[in-house]
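As a plain string of letters, each chain reads:
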Amino acid sequence: MSSTNICSDRIYLGFDFSTQQLKVIAINEDLVILKENAVRFDEDLPDFKTTGGVHPHSDGVTVTAPTLMWIQALDLLLDKLKADNLDFSKVAAISGSGQQHGSVFWKKGAENGLKSLHSGSSLCEQLKDCFSVADSPIWMDASTTKQCKELEAALGGAMHLAEITGSRAYERFTGNQIAKIFEKSPSSYNNTEACAENLETKLGPLVKSTEILGKISKYYVEKYGFSPDCEVIAFTGDNPASLAGMRLQEGDICVSLGTSDTLFLWLTQPKPALEGHIFINPVNSDSYMALLCFKNGSLTREKIRDEFAGASWETFTKSLKSVPSGNNGNIGIYFDVMEIQPLLSGRFRINKEDQDVPKFNTAEEEVRAVIEGQFMSRRVHAENLGFNILPKSRVLATGGASQNKSILKVLANILNAPVYIQDVSNSASLGAAYQAMRGSLGHTCFNEILNKTSRMVRAAEPDDSTVELYTKLCARYKQLEERVSQS
Ligand SMILES: O=C(CO)[C@@H](O)[C@H](O)CF
């Protein structure tokens, strides 16, 4: 063990400010999960009247979440940890992750408000007037296509923007959201502390994802009993945190089956493209992370469950298993919200004769179609980016749907690779807790501990009998998606 003595009563907290809930995991220095808790926005904070944690607007493209809901959720979650007897005084460091591209607009003077928080009142009560935009745009928003086109034009085109930033302009990205607020509500923009004409300086310097930003605020020391020495480690996005939590290595591909479905992998040589994203790797800043994000993830699966499986996952699973691989030649595309690639919404179905049909013959075929269609989409767009599933490839699955072995079996067959899961599906919070420990103890010490343990369990094997079937079906899927994207 390197210089830092390991003492297993030190605790590390990882928060995930996700789309549908705020989650937290507490670990000790043996990487044992001590506590896991969550605040579910729809159920636990019903006054905000969210659906799946968000407010979809009537224009069909704008999607926001109430900023104060996230603040109130933090109050509630820390109270839940207190009621669960977490010894806050033993917390050595915290870190976290948030929806990538969810943006919070602090009002001028908010920094002083944060510095004068007192433990006699809640965060929500003290910060309720600190935001210049009450409804935060989030990653599901697709209302900034105009700003995206302007940004790409200003920077020499989409491909050049991808080469210098890792992504072409995407509607959900915060820069385009800030530009929209600058144009649509200049008073809010001018009343925002975090962003102004000299936006870059206002946003502050970039830091590595394990940077120690400072010690926790006295508000948390007084209200919950945190140690005044508790370190705050830089937060990151939910997908980089999942990469850390899944202990991804070069050659692995991670599939996160959450509100968004995302595929990501570890890269040493970045290959920016017009689809997907290249980010700096959160656990090794000399490497990269490639990511594809799909908006029609769990909320779309839940809608098909409600419409064709009596709102029951048990019935959904029985239906999925009752139809053979390949769904009798039927292919479905279910873009219930505007998808990212392609930028398209609607439901599209073809039967085995490649005829457009309004519905499949049975509810069971609808269930199989949404799962096969989503996973064929993931494979087709990953292959567009040059992701190749090699014989030694491992698929690491995380997120809510990774608990369903029947869904993982379809994933294994369509990607033609074994699928592994770990004993905790909340990989973003776990990864954030790992980042807190990595930032506090240092990479060398943390990696020595990490390499002594493993949480991966082989959950699904691909069938040799479906390799050719899904290769042909994916080719048909790709043709269907290209056709409906052009119509
Ligand atoms: O936009 C995304 C990734 O770029 C999504 O995975 C969000 O992070 C989900 F919260």
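Residues numbered from 1 in each chain as written. Predicted model: local features only at pLDDT ≥ 70, side-chain atom pairs only at ≥ 80, totals over all residues. Heavy atoms only, no water.

Here we take up the confidence of the model for the protein chain. Confidence in the prediction for the protein chain averages 93 pLDDT; 97% of positions are at 70 or higher. Here the prediction assigns the complex a pTM of 0.90, and the interface score ipTM is 0.96. (pLDDT = per-residue confidence, 0-100.)

Attention now goes to the side chain of Gln-435. Tracing the chain through its elements places Gln-435 in helix 16 (residues 427-441). Residue classification places Gln-435 among the buried positions, given a relative accessible area of 1%. Polar contacts involving the side chain of Gln-435 include one to the side chain of Arg-438, which spans 2.6 Å. With residues near it in sequence (within four places) discarded, Gln-435 still touches Ser-95, Ser-209, Thr-210, Ile-233, Ala-244, Pro-282 and Val-283. (Helix = DSSP H or I, 4+ residues; strand = E, 2+ residues; numbered from the N terminus. Buried < 20%, exposed > 50% of the residue type's maximum accessible area, 1.4 Å probe, protein only. Polar contact = N/O pair within 3.5 Å; in protein donor to acceptor, adjacent residues only side chain to side chain. Contact = heavy atoms within 4.5 Å.)

Glancing now at the site of the ligand. Around the ligand, the surrounding shell consists of Thr-19, Gln-99, Gln-100, His-101, Trp-139, Arg-172, Asp-238, Asn-239, Ser-260, Thr-262, Leu-291 and Cys-293. Residue Asp-238 places a side-chain N or O atom 2.5 Å away from an oxygen atom belonging to the ligand. Calculation on the ligand without its partners gives an accessible area of 290 Å², and the protein chains cover 99% of this total. Sorting the residues of the shell around the ligand by element identifies helix 11 (238-245) and strand 14 (288-294) as the ones contributing at least two each. Of the residues contributing to the shell around the ligand, the split by class is three nonpolar, seven polar and two charged. (Near = heavy atom within 4 Å. Areas by Shrake-Rupley, 256 points an atom, 1.4 Å probe, with all protein chains shown as cover. Nonpolar A, V, L, I, M, F, W, Y, C, P; charged D, E, K, R; others polar.)

This brings us to a nonpolar patch on the surface. A grouping of Leu-151, Leu-155 and Ile-164 is seen on the molecular surface, where their side chains present a nonpolar patch of about 220 Å² in accessible area. Among the structural elements, Leu-151 can be located in helix 5 (residues 145-154). (Patch = residues over 30% accessible without salt bridge, like charges linked within 9 Å, V, L, I, M, F, W, Y side chains within 5 Å. Salt bridge = Lys/Arg side-chain N within 4 Å of Asp/Glu carboxyl O.)

We now examine the side chain of Thr-300. Structurally, the position occupied by Thr-300 is in helix 12 (residues 298-308). Look at Thr-300 and you get buried, because its relative accessible area is 4%. Apart from the residues lying within four places of it in its own chain, the contact partners of Thr-300 are Tyr-334, Asp-336, Val-370 and Gln-374.

The N-to-C vectors of helix 13 (residues 313-322) and helix 14 (residues 363-384) enclose an angle of 90°; their axes lie 8 Å apart at closest approach. Classed by the angle they form, the pair helix 13 and helix 14 counts as roughly perpendicular. Here Phe-316, Ser-319, Leu-320 and Ser-322 of helix 13 come into contact with helix 14, specifically with Glu-364, Val-367, Arg-368, Val-370 and Ile-371. Split into classes, the residues belonging to the contact of helix 13 with helix 14 amount to five nonpolar, two polar and two charged. (Axes fitted to C-alpha atoms, helices over the stretch in contact; angles between N-to-C directions. Parallel < 35°, antiparallel > 145°, perpendicular 65-115°, else oblique.)

Looking now at the sheet that holds strand 19 (residues 456-460). Pairing in this open sheet of seven strands is mixed, and the strands run 13-14-12-11-17-18-19 from one edge to the other. What marks the edges here is a single partner per strand, and that holds for strand 13 (277-280) and strand 19. For this sheet, the mean inter-axis angle between neighbouring strands, taken without regard to orientation, is 30°. Of the strand pairs in this sheet, strand 17 (residues 394-398) and strand 18 (residues 419-422) are connected by two bridges, and their pairing is parallel. Looking at the pairing, Val-395 lines up with Val-419 of strand 18. The strands touched by helix 11 within the sheet are strand 11 (252-257), strand 12 (261-267), strand 14 and strand 18, with strand 12 carrying the most contacts at an inclination of about 60°. (Pairing = 2+ DSSP bridges.)

Read from one edge of the open sheet, three strands run 4-5-7, paired in antiparallel fashion. Each edge of the sheet is formed by a strand with only one pairing partner; in this case those strands are strand 4 (55-56) and strand 7 (135-137). In this sheet, strand 7 lies alongside strand 5 (residues 63-66) in antiparallel orientation, the contact comprising three bridges. Among the inter-strand pairings, Pro-66 is bridged to a residue of strand 7, identified as Asp-135. Helix 2 (residues 67-83) rests against strand 5 and strand 7 of the sheet, and its axis sits at about 40° to strand 5.

A word on the UniProt feature "domain: Carbohydrate kinase FGGY C-terminal" (unreviewed entry) in the protein chain. The feature "domain: Carbohydrate kinase FGGY C-terminal" (unreviewed entry), as given by UniProt, occupies residues 255-438 in the numbering adopted here. Along residues 255-438 the backbone is 36% helical and 22% strand, and the end-to-end C-alpha distance reaches 24 Å. (UniProt positions renumbered as here; feature names shortened; annotations may be inferred.)

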